[in-house]
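Listed here are the chains, written in short residue letters.
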Amino acid sequence: MLGSTRNSLRTSVSQVLAQSTRRAGQQQFIPGSSQWMARGLTSAPHAPLLSSWPAPCGSPVFHVLRGIRTSARLNSDLKVVTCPAFAESISEGDLRWEKAVGDSVAEDEVICEVETDKTSVPVPSPVAGVIEELLVEDGATVQPGKELAKIKVGAGGGGGAKKEPKQSEEPKKSEEPKKSEEPKKSEEPSKEEQSPPKQEASSSSSGPIPDSPPQAPSKPSTPKSEMPVAAIRHAKTIDKPASGGPKNEGTNASPMVRMPPADPTKEIAGTRSEHRVKMNRMRLKIAQRLKDAQNTTAMLTTFNEIDMSGLMQLRKENQDAFVKRHGLKLGFMSAFVKASAYGLTMQPTVNAVIEENEIVYRDFVDISVAVATPKGLVVPVLRNAQEMNYADIEKGIAALGEKARNNQLAMEDMSGGTFTISNGGVFGSLFGTPIINPPQSAILGMHGVFERPVVRNGQVVIRPMMYVALTYDHRLVDGREAVTFLRSIKNSVEDPRTMLLGM
């Protein structure tokens with residue numbers, strides 16, 4: 001009876017092993033054969049186990065096999081993140097980390113950004129897990145395909161978030177002893193008088209008691225070696241009396257030390273310190289292009305002013321219906337983009353460009369709209385603006401603005417462009433001369449709307465007025481074409497019916 005049960009168990013184990021081997025698509029090896037020995041499973045630790053094969057499924061051999069299979073699966077728990085490919089004209093970029101070692105990340109969450117000459121390329125996490133190792137330092141130059149980080153898949157997803165409460169609790173723990181330090185000092189004499197009987201009773205069980213009480217942990221502060229010299233000098237200056245009289249010795253208040261700001265781009269703390277920050281690639285490229293425009297083109301600027309009362313009345317009368325139908329508000333930019341596209345079709349020279357010894361005339365109008373971002377000025381492009389109406393232009397500008405705010409602009413969104421519009425009026429600019437965006441030949445500068453006295457039909461009236469400026473390349477565009485083009489924009493904005501009449 002016992003022998004038959006043992007044989008049936010051996011048969012069941014052999015069948016289970018055979019089925020698992022066939023499922024894995026591998027060859028079945030017989031224990032003790034040459035193939036089995038080639039796999040290295042007849043080493044000293046496994047020899048006693050193999051001598052008793054076949055064994056019941058509860059034996060150590062079965063667990064060894066299971067352990068080998070599990071360890072092979074654990075090798076794939078680390079996922080390597082590589083740098084994505086850039087546009088054709090970009091070969092490298094600077095890395096900026098958004099996450100640190102130990103932070104948990106979700107799938108497709110951005111862990112770093114690569115700043116290139118024209119845009120920032122986000123690098124998302126391919127899996128959900130915890131960042132195990134950073135393979136590249138922050139600010140380093142990387143190329144497409146370079147390994148950036150290793151992510152441990154799945155386990156410990158909350159590791160990065162659990163660290164924050166601990167950091168906030170440490171100052172509290174250090175503050176509590178500090179607050180209770182003074183009452184303890186006042187109570188020390190009375191405690192010493194009453195403590196001898198207690199000390200004798202406790203010394204026999206827990207060993208000798210120290211004579212002095214333990215020191216309370218000090219409040220965490222910045223080490224002196226890390227404190228800037230400018231901050232120390234600034235503190236000494238504040239400590240000196242302003243009138244030159246004697247210092248108030250009755251108070252033990254220490255001078256206030258002001259530390260330099262954490263972000264020097266947002267505040268000035270008055271510590272008389274300096275901060276050097278490396279320029280990002282986008283800012284360097286913008287600076288180079290602007291200087292090249294000044295050195296290459298023969299820039300000249302012409303000005304005019306636009307009465308905005310007609311456009312403002314048009315918005316007031318049709319705003320509700322426009323929002324109800326299109327789902328967004330009617331702004332000033334759509335009127336200026338439409339007027340510029342119409343004027344470029346009437347003056348093709350302003351839409352042209354010089355390439356070496358040739359003039360290239362474009363049979364389309366792609367208008368670049370300048371957008372200010374924290375990392376620099378970007379100019380996404382509205383394609384085929386000559387075919388758009390006000391609603392299409394507003395939708396296109398809204399989509400490009402959303403991409404710019406979320407840092408999702410691609411190279412395709414900013415390449416090309418035959419004409420640029422820069423709206424400094426959103427910041428309250430009254431007057432200015434824009435710089436041409438090469439290789440284009442002209443740029444329109446919009447400014448703020450302010451009420452000014454103007455003459456209408458022999459009467460002085462108050463109207464909302466805007467100054468506009470057109471900077472053009474005088475090598476290609478003559479003054480007549482430039483002035484005529486700007487006058488066309490003025491007439492089309494003040495009275496859009498002129499575009500319907502072809503005037």
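Cut-off values and rules
Residues numbered from 1 in each chain as written. Predicted model: local features only at pLDDT ≥ 70, side-chain atom pairs only at ≥ 80, totals over all residues. Heavy atoms only, no water. Pairing = 2+ DSSP bridges. Helix = DSSP H or I, 4+ residues; strand = E, 2+ residues; numbered from the N terminus. pLDDT = per-residue confidence, 0-100. Contact = heavy atoms within 4.5 Å. Buried < 20%, exposed > 50% of the residue type's maximum accessible area, 1.4 Å probe, protein only. Expected span 1.5 Å × (residues − 1). Core = buried A, V, L, I, M, F, W, Y, C linked by side-chain atoms within 4.5 Å. Phe/Tyr/Trp six-rings, centres within 6.5 Å; stacked < 30°, edge-to-face > 60°. Lys NZ or Arg CZ within 6 Å of the ring centre and 35° of its normal.

Undergrad: An account of the sheet that holds strand E5 (residues 120-124) is requested, with residue identities and associated values reported.
TA: Spatially, four strands are ordered E5-E4-E2-E7 in an open sheet, and the strand pairing comes out antiparallel. Each of the sheet's edge strands pairs with one partner strand only, and the pair in question is E5 and strand E7 (141-142). Summarising the sheet, strand E2 (residues 93-97) and strand E4 (residues 110-115) pair through four bridges and their orientation is antiparallel. Among the inter-strand pairings, Leu 95 is bridged to a residue of E4, identified as Val 114.

Undergrad: Kindly report on the confidence of the model for the chain, identifying the contributing residues and their values.
TA: Do not read the predicted coordinates in detail wherever pLDDT is low. Across the chain, the average pLDDT comes to 76, with 64% of residues at 70 or higher. The secondary structure element of the chain with the lowest average pLDDT is helix H3 (residues 47-51), at 44, and the one with the highest is strand E9 (residues 299-307), at 97. Counting contacts from residues 32-75, a segment whose pLDDT is below 50, to residues more than four positions away or on other chains yields 31 contacts.

Undergrad: So what about unusual backbone geometry? Which residues, and what values?
TA: Residue Pro 439 is bonded to the preceding Pro 438 through a cis peptide linkage, with omega at 5 degrees. Its place among the elements puts Pro 439 in the loop between strand E16 (419-423) and strand E17 (442-456). Although it is not a glycine, Asp 108 adopts a positive phi angle of roughly 70 degrees. Positionally, Asp 108 belongs in the loop between strand E3 (104-105) and E4. Since its relative accessible area comes to 57%, Asp 108 is described here as exposed.

Undergrad: Got a sec to walk through helix H14 (residues 479-494)? Specific residues and values, please.
TA: With 16 residues, H14 should cover 22 Å at 1.5 Å per step; its first-to-last C-alpha distance of 23 Å lies within 8% of that length. All buried positions along H14 are accounted for by Glu 481, Ala 482, Phe 485, Leu 486, Ser 488, Ile 489, Lys 490, Ser 492 and Val 493.

Undergrad: Run through the nonpolar core, naming residues and quoting values.
TA: In terms of nonpolar packing, the biggest core is built from 43 residues, with Phe 336, Val 337, Leu 382, Phe 419, Ile 421, Leu 444 and Val 493 touching the most fellow members. Looking at this core, the elements with two or more residues in it are helix H10 (309-326), helix H11 (332-346), strand E12 (367-369), helix H12 (390-405), E16, E17, strand E18 (459-473) and H14. With eight residues, the single largest contributor to this core is H11. Ignoring sequence-local partners within four residues, the contact set of Phe 419 consists of Ser 340, Leu 344, Val 350, Asp 366, Ile 367, Ser 368, Gln 440, Ala 442, Ile 443, Leu 444, Leu 470 and Phe 485. Core analysis: the second largest hydrophobic core is formed by 20 residues, Trp 97, Val 114, Val 121 and Val 136 among them.

Undergrad: So what about the packing of aromatic side chains? Which residues, and what values?
TA: Between two aromatic rings, the relevant description is the distance of the centres plus the angle of the planes. Tallied over the entire structure, the rule returns three aromatic pairs. Arranged with centres 5.3 Å apart and planes meeting at 85 degrees, the rings of Phe 431 and Tyr 467 form a pair that is edge-to-face. Placement of Phe 431 in the loop between E16 and E17 and of Tyr 467 in strand E18 is noted, with a sequence separation of 36 residues between them. Feature note: the residues Phe 303, Phe 431 and Tyr 467 constitute an aromatic cluster, connected by ring pairs. The aromatic ring of Phe 332 is capped on one face by Arg 315, whose charged end is 4.6 Å from the ring centroid. The ring centre of Tyr 467 lies 4.0 Å from the NZ or CZ of Arg 452, which sits over that ring.

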